[in-house]
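Listed below are the residues making up each chain.
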2 protein chains.
Amino acid sequence: MTPASKAELSLDDKKHKASAWFKDLRNQICDSFEAIEKTNKGPLSDRKAGKFERKPWDRTDQNDGTHGGGGVMSIMRGGRVFEKVGVNISTVHGTFTPEFAKNIAGAEEDPRFFATGISLVAHMNSPRVPAVHMNTRFIVTTKHWFGGGADLNAPLPNESDTADFHNAFKDCGDRHNPDYYLKHKAWCDEYFYIPHRGVARGQGGIFYDQLNTGDFDADFAYTQDVGRTFNTIYPALVTRHMDDTWTEAERERQLEYRGTYAEFNLVYDRGTTFGLKTGGNVEAILMSLPPMAKWP
Amino acid sequence: MTPASKAELSLDDKKHKASAWFKDLRNQICDSFEAIEKTNKGPLSDRKAGKFERKPWDRTDQNDGTHGGGGVMSIMRGGRVFEKVGVNISTVHGTFTPEFAKNIAGAEEDPRFFATGISLVAHMNSPRVPAVHMNTRFIVTTKHWFGGGADLNAPLPNESDTADFHNAFKDCGDRHNPDYYLKHKAWCDEYFYIPHRGVARGQGGIFYDQLNTGDFDADFAYTQDVGRTFNTIYPALVTRHMDDTWTEAERERQLEYRGTYAEFNLVYDRGTTFGLKTGGNVEAILMSLPPMAKWP
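Rules used throughout
Residues numbered from 1 in each chain as written. Chains lettered and ligands numbered in written order. Predicted model: local features only at pLDDT ≥ 70, side-chain atom pairs only at ≥ 80, totals over all residues. Heavy atoms only, no water. Pairing = 2+ DSSP bridges. Helix = DSSP H or I, 4+ residues; strand = E, 2+ residues; numbered from the N terminus. Axes fitted to C-alpha atoms, helices over the stretch in contact; angles between N-to-C directions. Contact = heavy atoms within 4.5 Å. Buried < 20%, exposed > 50% of the residue type's maximum accessible area, 1.4 Å probe, protein only. Lys, Arg positive; Asp, Glu negative; His and termini not counted. Salt bridge = Lys/Arg side-chain N within 4 Å of Asp/Glu carboxyl O. Phe/Tyr/Trp six-rings, centres within 6.5 Å; stacked < 30°, edge-to-face > 60°. Least-squares fit on C-alpha atoms with pLDDT ≥ 70 in both. pLDDT = per-residue confidence, 0-100. Buried area = accessible area lost by both parts, 1.4 Å probe. Polar contact = N/O pair within 3.5 Å; in protein donor to acceptor, adjacent residues only side chain to side chain.

Trainee: Please provide a residue-by-residue account of the sheet that holds strand β6 (residues 144–153) of chain A, values included.
Mentor: Residues and elements named next belong to chain A. Strand order in the open sheet formed by seven strands is β1-β2-β3-β4-β5-β6-β9, with antiparallel pairing between adjacent strands. Lying at the two open borders of the sheet, with one neighbouring strand each, are β1 (53–58) and β9 (204–211). For this sheet, the mean angle separating the axes of adjacent strands, direction not counted, is 10°. Where β1 meets strand β2 (residues 68–77), six bridges bridge the pair, whose relative direction is antiparallel. Counted as the bridge partner of Glu 53 is Ile 75 from β2. Here helix α6 (residues 248–268) sits on the sheet and contacts β3 (82–95), β4 (112–124), β5 (131–140) and β6; the angle it forms with β4, its principal contact strand, is near 160°.

The following block contains the structure:
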């Protein structure tokens, strides 16, 4: 079926399809993480299996009538495997400030926006299990596009984990466009870099933004595939290492790694710094910060 | 003696007097903190008394020939009372980038600068002993001025500690100018505020900048008095609480408080964000971050 043969979806249909998918993906991920908790026999399996708690939040009360929407944060804390995971879904609309509108595609003509997305950060008990970040989103101004990505953050990087994570997203990209993986990998490397330390934040993955090829279905299919790929490869890497014991020195290394991770998020991450400085939902934005970190 | 009767100091003399004072103050503070460690009989007195280690650093190798100078970091870790204290002195010179020069008094005409100062952050083992920050500096562009301040950061604030800290700096200010305390207290409250959380970072103190009354000796005397006042009141507050035991819940509160402290430094603090984004000495800049922090 070529694009021409399809009935064009209305913008409202696109918004609904995207936000319904992000909710569906949230459910799939929470299920797979809770399944890991239930079956784990690792070093902390004397703990109760971790479960997500859901907390809805509302944007309306922070703003005047032209802003609205909200989201749901799902948080699991103190599990057998997951030390702290936050999965936030949100669907919001509003008006960019003139200063911000200048930097957003399609917003200079009309500063109103709609945004729906899912954002996830997982911090793990074991320093041998990589932490991870994943986010996908659909943004509408006078233009509209998908963006997102996933990146691995192992305190003790392991070549085969890194290779498997990248290969999963290479295969994912290749199913849609032979250029996607290399382009989105390079973008990820560029974005998750900590200039003041001269190091990458983690082992990379993919990052993409302003994806609008003119074929909504194709762009949406890629974004869905990124989510499904994440929910396949990451649980596999967790399962691979979750029963290993670890040393105190490895845990220290993890806590220091998390300090650097927090530095990136608070100093450079555009979503975090923009959100904090423009009255976003602080709890949802700072959900990404590690449960414990060290700067010894 | 009125200013008119004094021989005016050359700018080089002013630079030397200021930087010699910051070094002298560093020695006085390190001595008083080490004396606390030696005599402490508190909950962690089975540990070896903490001692400062000094580490010189050099700015020259990071820059071209027009930049230079350096400093010395004094760090005490894992003491009986002090969990991590950094005291950094530095005397540097260079040229501001055109973009930065616009925001610095006297630098638009000529972007060359000289800066000498002392900066201190103390993070304490006990959640009942307040943490603290202190910094004083002398900056020279085509203009020259003093700046600095000190602010208290108790995870479990205590009215009499807060009052005593403020009264010490009120007395200090009053010895120099009856307007200083209220003005510099208000400036501190304004600066150490965390907008995204809608809370102050700590219990305040004083903050001042661009102090040049036309009388170098008077301005220098105030800056010296701020340093001496700090080295009197803060050790007194430490001594007051250092032998108290604390609960696990109080320690948790402290670690969360430190998370918020780190947020301020990484998101808002001008010295930190400017330093990180312009190739400053990362170790010296991030010395302020807490040894351990939580975002539960």
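Resuming the write-up.
Trainee: How would you summarise the side chain of Lys15(A) if you had to cite specific residues and measurements?
Mentor: Residues and elements named next belong to chain A. Within the element layout of this structure, Lys 15 appears in helix α1 (residues 11–39). No salt bridge is formed by the buried Lys 15; its nearest oppositely charged neighbour, Asp 12, is found at 4.0 Å. Once you skip the residues sitting within four places of it in the chain, Lys 15 turns out to touch Phe 114, Thr 116, Phe 138 and Val 140.

Trainee: If you had to explain the pattern of salt bridges to someone new, which residues and values would you point to?
Mentor: Inspection of every chain in the model, using the stated rule, returns 30 salt bridges over all chains. Note that Lys294(A) and Glu252(A) form a salt bridge whose closest N and O atoms lie 2.9 Å from each other. Separated by 42 residues along the polypeptide, Lys294(A) in strand β10 (residues 292–294) and Glu252(A) in helix α6 bring together distant segments of the chain. Given a relative accessible area of 15%, Lys294(A) falls into the buried group. Linking Lys170(B) and Asp174(B) is a salt bridge whose minimum nitrogen-to-oxygen distance equals 2.6 Å. Of this pair, Lys170(B) and Asp174(B) both sit in helix α3 (residues 159–174), separated by four residues, roughly a single helical turn. The class of Lys170(B) is partly exposed, set by a relative accessible area of 34%. Judged by its relative accessible area of 35%, Asp174(B) is partly exposed. Connected through shared salt-bridge partners, Glu83(A), Arg251(A) and Arg258(A) make up one network.

Trainee: Got a sec to walk through the packing of aromatic side chains? Specific residues and values, please.
Mentor: All told, the structure shown has 43 aromatic pairs over all chains when counted by the stated rule. A centroid spacing of 6.5 Å and a plane angle of 25° characterise the contact between Phe33(A) and Phe52(A), whose relative ring orientation is stacked. Of this pair, Phe33(A) sits in helix α1 while Phe52(A) is found in the loop between α1 and β1, placing the two residues 19 residues apart along the sequence. Seen in terms of ring centroids, Tyr180(B) and Tyr222(B) are 4.6 Å apart; in terms of plane orientation they differ by 50°. Their pairing is tilted. One end of the pair, Tyr180(B), is in helix α4 (residues 180–191); the other, Tyr222(B), is in helix α5 (residues 216–241), and 42 residues separate them in sequence.

Trainee: A description of the relation of the copies chain B and chain A should follow, citing residues and the corresponding values.
Mentor: Mapping one chain copy onto the other needs a rotation about an axis and a shift along that axis. Take chain B, turn it by 180°, move it 0.0 Å along the axis, and it overlays chain A with an RMSD of 0.0 Å. Look at the turn and shift together and you get a two-fold axis relating the two. Both copies present the same face, since 100% of the interface residues in chain B are matched by interface residues at the equivalent positions in chain A.

Trainee: A description of the confidence of the model for chain A should follow, citing residues and the corresponding values.
Mentor: For chain A, the mean per-residue pLDDT works out to 93, and 96% of the residues sit at or above 70. Across the interface, the model reports ipTM at 0.91; the global pTM reads 0.91.

Trainee: Outline the interface of chain B and chain A, listing residues and values.
Mentor: The interface is formed by 21 residues belonging to chain B together with 21 residues belonging to chain A. With both sides pooled, the region where chain B packs onto chain A buries about 2000 Å², and carbon together with sulfur makes up 69% of that total. Together, His196(B), Leu266(B) and Trp295(B) form the three largest contributors to the area buried by chain B at its contact with chain A, with a combined 30%. At the junction of chain B and chain A, the tally comes to zero salt bridges. Remark: the boundary between chain B and chain A carries seven residue pairs in polar contact (both at pLDDT 80 or more). When contributions to the side of chain B that touches chain A are tallied by element, the ones reaching two or more residues are α6 (248–268), α7 (270–277), α8 (282–286) and β10 (292–294) of chain B. It is α6(B) that contributes the most residues to the side of chain B that touches chain A, five residues altogether.

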